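One-letter residues, chain by chain:
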Amino acid sequence: QVQLVESGGGLVQPGGSLRLSCAASGRVFSISAMAWYRQAPGKERELVAAITREGDTSYRDSVKGRFAISRDNAKNTVSLQMNSLKPEDAAVYYCMVRTRFRFFDHDYWGQGTQVTVSS
């Protein structure tokens, strides 16, 4: 069992910055990837950024150059630095951790943290 605790959400003006953090605890055998998703009201959950254990990163096009994902493997944490925030970035942001045990992948999700971008 893996538990994820997210923090860092809040209200920010357009152009502002926020840093989201997520810590994984419990029976973490091997984390193969960590990611941030977001979901706005009435919309599908979408991948924002992902990072592998090796440090390879990927971003959706709309956040490239503004967001940066990072991880600390020793602490089993992942963060998302969000700069130049836009109103369309407003959503509930979810941390996701993928673990691997033998041949099986298991995905775990945080409870979500609200990000509001408004003037």
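Just so we're clear, the structure is a prediction, and the values are computed from it rather than from any experiment. (Residues numbered from 1 in each chain as written. Predicted model: local features only at pLDDT ≥ 70, side-chain atom pairs only at ≥ 80, totals over all residues. Heavy atoms only, no water.)

## Quick word on the pairing of strand β10 (residues 104–109)
(1) Moving on: One ladder, built from six bridges, connects strand β9 (residues 91–101) with β10; its direction is antiparallel. Bridge pairing in β10 links arginine 98 to aspartate 107.
(2) Moving on: Between the antiparallel neighbours β9 and β10 lie two residues, among them arginine 102 with a positive phi of about 60 degrees. (Pairing = 2+ DSSP bridges. Helix = DSSP H or I, 4+ residues; strand = E, 2+ residues; numbered from the N terminus.)

## Digging into the nonpolar core
(1) Moving on: Counting residues in hydrophobic clusters, the biggest one holds 28 residues, and the most contacted among them are Trp36, Leu80, Met82 and Tyr93.
(2) Moving on: Of all elements in the fold, only β1 (2–7), β3 (18–26), β4 (31–39), β5 (46–52), β7 (67–72), β8 (77–82), β9 and β11 (113–117) reach the threshold of two or more residues within this core. (Core = buried A, V, L, I, M, F, W, Y, C linked by side-chain atoms within 4.5 Å. Buried < 20%, exposed > 50% of the residue type's maximum accessible area, 1.4 Å probe, protein only.)

## Remarks on the packing of aromatic side chains
Where two aromatic rings form a pair, the distance of their centres and the angle of their planes describe that pair.
(1) Moving on: Enumeration over the complete set of coordinates arrives at one aromatic pair.
(2) Moving on: Note that arginine 45 overlies the ring of tyrosine 94, its terminal NZ or CZ placed 3.8 Å from the centroid.
(3) Moving on: Positioned over the ring face of tryptophan 109 is arginine 45, at 4.8 Å from the centre of the ring. (Phe/Tyr/Trp six-rings, centres within 6.5 Å; stacked < 30°, edge-to-face > 60°. Lys NZ or Arg CZ within 6 Å of the ring centre and 35° of its normal.)

## Some details on empty space enclosed by the protein
(1) Moving on: For the structure on display, the rule yields one cavity of 30 Å³ or more.
(2) Moving on: The wall of the largest cavity is formed by Ile31, Ala33, Met34, Ile51, Thr52, Arg53, Arg71, Asp72, Asn73, Asn76 and Thr77.
(3) Moving on: Of the residues forming the lining of the largest cavity, the biggest block, three residues, is contributed by β4.
(4) Moving on: In terms of residue class, the lining of the largest cavity is made up of four nonpolar, four polar and three charged. (1 Å grid on protein atoms, 1.4 Å probe; cavity = no way out; pocket = protein on both sides within 12 Å on 5 of 7 lines; lining within 4 Å. Points joined across faces, edges and corners; volume = space filled by probe spheres on them. Nonpolar A, V, L, I, M, F, W, Y, C, P; charged D, E, K, R; others polar.)

## Remarks on the state of the cysteines
(1) Moving on: According to the stated counting rule, one finds one disulfide in the structure shown.
(2) Moving on: The disulfide that involves cysteine 22 links it to cysteine 95, with 2.1 Å between the sulfurs. Between cysteine 22 and cysteine 95 the sulfur-sulfur dihedral comes to about -80 degrees; the bridge is accordingly left-handed. Of this pair, cysteine 22 sits in strand β3 while cysteine 95 sits in strand β9, and the two are 73 residues apart along the sequence. Each member of the pair cysteine 22 and cysteine 95 is classed as buried. (Disulfide = S-S within 2.5 Å.)

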